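Analysis of the macromolecular model
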Amino acid sequence: MWFVMVVAQRLNLQPIGNSMRIGVISQLIRFFWVIFQASYLDGTVIDYFKGMSDLEKRRIAFVGDATQRIQEDYLRILRYFRFFGRLAPCGDAHEKETLDAIVANKSGMKDISGERIWSELKKICVGRLGGEVITTMLKQCGLALLLGLPENADTAHFCQMHRRFHPNIEAMTLLTSCKLSHAEKSLAEFIMQHRDAAEKDAANDVFFKNVLLHEERLHKFTRKKVQTSREKVIELAKYAMSDDRIINEIRAWETPVFPVSGLDLMHSNVPSGQHVKKILDHLFKLWIESQWKMDQEELLKHIDDIEWRNEKSRSTQKRKHSFEDR
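Residues numbered from 1 in each chain as written. Predicted model: local features only at pLDDT ≥ 70, side-chain atom pairs only at ≥ 80, totals over all residues. Heavy atoms only, no water.

1. A look at the overall build of the protein
Within the protein one finds 18 helices and two strands. Here the protein, with 326 residues, has 42% of them falling under the buried criterion. In the protein, the share of contacts with a sequence separation of at least 24, taken over all contacts with a separation of at least 6, comes to 62%. Looking at the protein as shown, the accessible area adds up to about 19,300 Å², and 52% of this sits on carbon and sulfur atoms. (Helix = DSSP H or I, 4+ residues; strand = E, 2+ residues; numbered from the N terminus. Buried < 20%, exposed > 50% of the residue type's maximum accessible area, 1.4 Å probe, protein only. Contact = heavy atoms within 4.5 Å. Areas by Shrake-Rupley, 256 points an atom, 1.4 Å probe, with all protein chains shown as cover.)

2. Quick word on the packing of aromatic side chains
Tallied over the full model, the rule gives eight aromatic pairs. Centroid distance Y80 to F84: 5.9 Å. Interplanar angle 40°. Geometry classified as tilted. Taken together, the positions of Y80 and F84, both in helix 5 (residues 76–87) and four residues apart, correspond to about one turn of that helix. The two residues Y80 and F84 agree in class, both being buried. Ring centres of F207 and F208 lie 5.1 Å apart, and the angle between their planes is 80°; this geometry places the pair in the edge-to-face category. Taking the relative accessible area as the measure of exposure, F207 reaches 15% and is therefore buried. Members of the aromatic cluster, each reached through a chain of ring pairs, are F62, Y80, F81 and F84. Lying over the aromatic face of F83, R82 brings its terminal NZ or CZ to 4.9 Å of the ring centre. (Phe/Tyr/Trp six-rings, centres within 6.5 Å; stacked < 30°, edge-to-face > 60°. Lys NZ or Arg CZ within 6 Å of the ring centre and 35° of its normal.)

3. Looking at the nonpolar core
Among the nonpolar cores identified, the biggest contains 40 residues, and F81, M137 and L147 are the most heavily contacted of them. Looking at this core, the elements with two or more residues in it are helix 4 (66–72), helix 5, helix 6 (96–105), helix 7 (114–125), helix 8 (130–140), helix 9 (156–165) and helix 10 (171–176). Residues contacting L147, with those up to four places away along its chain left out, are L78, M109, I117, L121, M137 and L138. If you look at the next biggest cluster of nonpolar residues, it comprises 34 residues, including L236, I246, V270 and W308. (Core = buried A, V, L, I, M, F, W, Y, C linked by side-chain atoms within 4.5 Å.)

4. Looking at the packing of helix 5 against helix 7
Where helix 5 meets helix 7, the closest approach of the two axes is 9 Å, and the angle between their N-to-C directions is 15°. Put simply, helix 5 runs roughly parallel to helix 7. Relative to helix 7, helix 5 is oriented so that their crossing is left-handed. Contacts between helix 5 and helix 7 involve L78, R79, F81 and R82 from the first element and R116, I117, E120, K123 and I124 from the second. Its residues assigned to classes, the contact of helix 5 with helix 7 comprises four nonpolar, no polar and five charged. (Axes fitted to C-alpha atoms, helices over the stretch in contact; angles between N-to-C directions. Parallel < 35°, antiparallel > 145°, perpendicular 65-115°, else oblique. Left-handed = near helix turned anticlockwise from the far one by under 90°. Nonpolar A, V, L, I, M, F, W, Y, C, P; charged D, E, K, R; others polar.)

5. Structural notes on the pattern of salt bridges
Oppositely charged side chains can form a pair if their charged atoms are brought close together. This model, assessed by the stated rule, comprises 15 salt bridges. Taking the shortest distance from any N to any O, the salt bridge between R116 and D73 comes out at 3.7 Å. Taken together, the residues span a long stretch of sequence, with R116 in helix 7 and D73 in the loop between helix 4 and helix 5 at a distance of 43 residues. Taking relative accessible area as the criterion, D73 reaches 19% and is therefore assigned buried. Among the ionic pairs, E120 bridges to R79, the shortest N-O distance being 3.6 Å. Taken together, the positions of E120 in helix 7 and R79 in helix 5 put the pair 41 residues apart, joining distant regions of the chain. (Salt bridge = Lys/Arg side-chain N within 4 Å of Asp/Glu carboxyl O.)

6. Some thoughts on the environment of R128
Structurally, R128 is set in the loop between helix 7 and helix 8. In this structure the C-alpha to C-alpha distance between R128 and H166, which are 38 residues apart in sequence, comes to 7.6 Å. In this structure, R128 is in contact with R58, G85, R86, L87, A88, P89, H162 and H166, ignoring residues within four places of it in sequence. Engagement of the side chain of R128 in a polar contact is seen with the backbone oxygen of R86, the distance being 3.4 Å. At a separation of 2.4 Å, a polar atom in the side chain of R128 contacts the main-chain carbonyl oxygen of A88. (Polar contact = N/O pair within 3.5 Å; in protein donor to acceptor, adjacent residues only side chain to side chain.)

7. A short note on unusual backbone geometry
In the segment running from H166 into P167, the intervening peptide bond is cis, with an omega of 5°. Of note in this structure, R58 is not a glycine but carries a positive phi near 55°. Mapped onto the elements, R58 comes out in the loop between helix 3 (51–57) and helix 4. Look at Q291: it is not a glycine, yet its phi comes out positive at around 55°. Looking at where Q291 falls in the secondary structure, it is placed in the loop between helix 16 (275–289) and helix 17 (296–300). What makes Q291 partly exposed here is its relative accessible area of 41%.

8. Observations regarding helix 12 (residues 205–218)
An ideal rise of 1.5 Å per residue puts 20 Å on 14 residues; helix 12 measures up with 20 Å between its terminal C-alpha atoms. Where burial is concerned, most of helix 12 is hidden: eleven out of the 14 residues are buried. Within the span of helix 12, buried status applies to D205, V206, F207, F208, K209, N210, V211, L212, L213, E215 and E216. (Expected span 1.5 Å × (residues − 1).)

Next up, the structure:
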């Protein structure tokens with residue numbers, strides 16, 4: 001298995017028994033010419049496909065027809081770039097036929113899960129040629145949107161950071177330099193916050209409607225954010241692989257209005273103070289649990305469900321003592 005040791009050396013791996021050797025073979029032998037060879041115990045190399053030549057040239061290419069290999073598993077596009085970044089002599093050593101096949105078949109990546117894409121992408125970013133490889137992927141092959149990155153991502157700063165800090169830098173730090181907009185960062189955070197629950201309730205339109213109501217209430221004083229709340233929830237539904245019926249229903253749904261405001265509490269003899277928010281939060285929760293059926297009159301009956309009168313008294317006493325101490 002001499003050739004495995006050569007590949008391990010190229011990949012900067014330390015041999016740890018047969019497990020490492022098997023790992024190297026299982027990752028590479030299915031996709032690339034570079035290790036299609038074997039050896040006898042006496043060291044004689046059986047090189048059926050000129051793998052030794054590829055090793056010496058540090059060449060990465062798909063086995064046989066690149067299009068066929070890619071269409072068997074579109075994740076191989078990212079694996080190609082990952083191994084290229086570790087083995088290739090320089091960032092522009094790609095073969096035109098390989099990049100042409102990647103560009104022609106890149107749309108197949110849309111069905112790859114985000115977890116699998118991220119697993120490969122973060123390794124590419126922190127690889128030896130991370131800056132050059134990412135630039136090729138985004139600028140030359142047009143993979144940005146398929147990777148969840150801006151179409152006009154700026155890779156110049158990415159390359160500068162990579163050159164300065166590699167290998168002691170995190171992949172997310174590098175990707176942040178691609179000029180993600182505030183809206184894109186906000187969407188990513190929103191999906192990460194709700195993704196587990198969304199996957200469990202992917203077939204439940206009420207779940208997504210409640211998320212939308214929470215978002216609109218959170219941003220009710222900013223019209224622009226209210227408008228984008230629906231778009232964020234639709235993207236969340238897409239992430240959860242909800243069917244088109246649910247997505248279309250969210251898009252067309254006319255959201256009901258929460259029937260209680262702070263002014264309504266004042267008219268119900270609730271004085272101003274921090275407790276007002278607690279009461280409104282409690283009533284909003286009841287309204288959501290009723291699937292938006294409880295009206296104002298019903299909700300106001302629950303003002304005293306939570307203790308707030310003593311809290312109001314303590315708050316008044318605290319302000320009084322503070323004034324007397326001056």
